[in-house]
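Chain and residue survey
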Amino acid sequence: MVKVLLGTGFEQASNIIVYLVPISVLVPLSNCIGYLWLLANERDRSFNRIIGFAALINITFGLVLTFSFGIVGTAIAVVVSEFYVTISFFLMKRRQEIK
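Throughout what follows, the structure given in this document is the object of discussion. Nothing here was measured: the structure is a model prediction, and the numbers come from that model.

Turning our eyes to something else, we now look at the packing of aromatic side chains. Summed over the entire model, instances satisfying the criterion amount to three aromatic pairs. Arranged with centres 5.2 Å apart and planes meeting at 15 degrees, the rings of F47 and F89 form a pair that is stacked. Pair noted here: F47 is in helix α4 (residues 44–69) and F89 is in helix α5 (residues 71–98), with a separation of 42 residues, a long-range link. Relative accessible area serves as the criterion here: at 7%, F47 is assigned to the buried category. An aromatic cluster of three or more residues is present, and its members are Y35, F47 and F89.

This is the structure we're talking about:
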């Protein structure tokens, strides 16, 4: 698909897209839970802590994995940090429901 849309010079981009596929599931889930539930229920502090820690995870993993694996490492770091956000939002919502 990349070759058809962008040409032959971008063929290597399709390798990276494979690693980023989980983002297409994780981002909508985290947006639904985070924006539509946490923020709507005035959990701004929890929301900001999770996002802030995810940024630290992304930077840390990004630096380490990029030097080790190049662009693939960067893609993996992004997926790991978004996975953290989604799981954290879900656990925060679950914890609030139990109380």
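Here S30 shows up in helix α3 (residues 23–39). A polar contact is formed between the side chain of S30 and the backbone oxygen of V27, at a distance of 3.0 Å. Reaching out from S30, the side chain makes a polar contact with the side chain of E82 at a distance of 2.8 Å. Not counting residues up to four positions away in its chain, the partners in contact with S30 are Y35, E82, V85, T86 and F89.

Across soluble globular proteins, nonpolar side chains have a tendency to be buried as a group. Judged by nonpolar contacts, I33, W37, L38, F47, I50, A54, V85, F89 and M92 together constitute the single largest core of nine residues. Residue assignment for this core shows that the elements contributing at least two residues are α3, α4 and α5.

In this section: the environment of A13. Along the polypeptide, A13 turns up in helix α2 (residues 13–20). C-alpha of A13 to C-alpha of Y35: the two residues are 22 residues apart in sequence and 31 Å apart in space.

What counts and how
- Residues numbered from 1 in each chain as written.
- Predicted model: local features only at pLDDT ≥ 70, side-chain atom pairs only at ≥ 80, totals over all residues.
- Heavy atoms only, no water.
- Phe/Tyr/Trp six-rings, centres within 6.5 Å; stacked < 30°, edge-to-face > 60°.
- Helix = DSSP H or I, 4+ residues; strand = E, 2+ residues; numbered from the N terminus.
- Buried < 20%, exposed > 50% of the residue type's maximum accessible area, 1.4 Å probe, protein only.
- Polar contact = N/O pair within 3.5 Å; in protein donor to acceptor, adjacent residues only side chain to side chain.
- Contact = heavy atoms within 4.5 Å.
- Core = buried A, V, L, I, M, F, W, Y, C linked by side-chain atoms within 4.5 Å.

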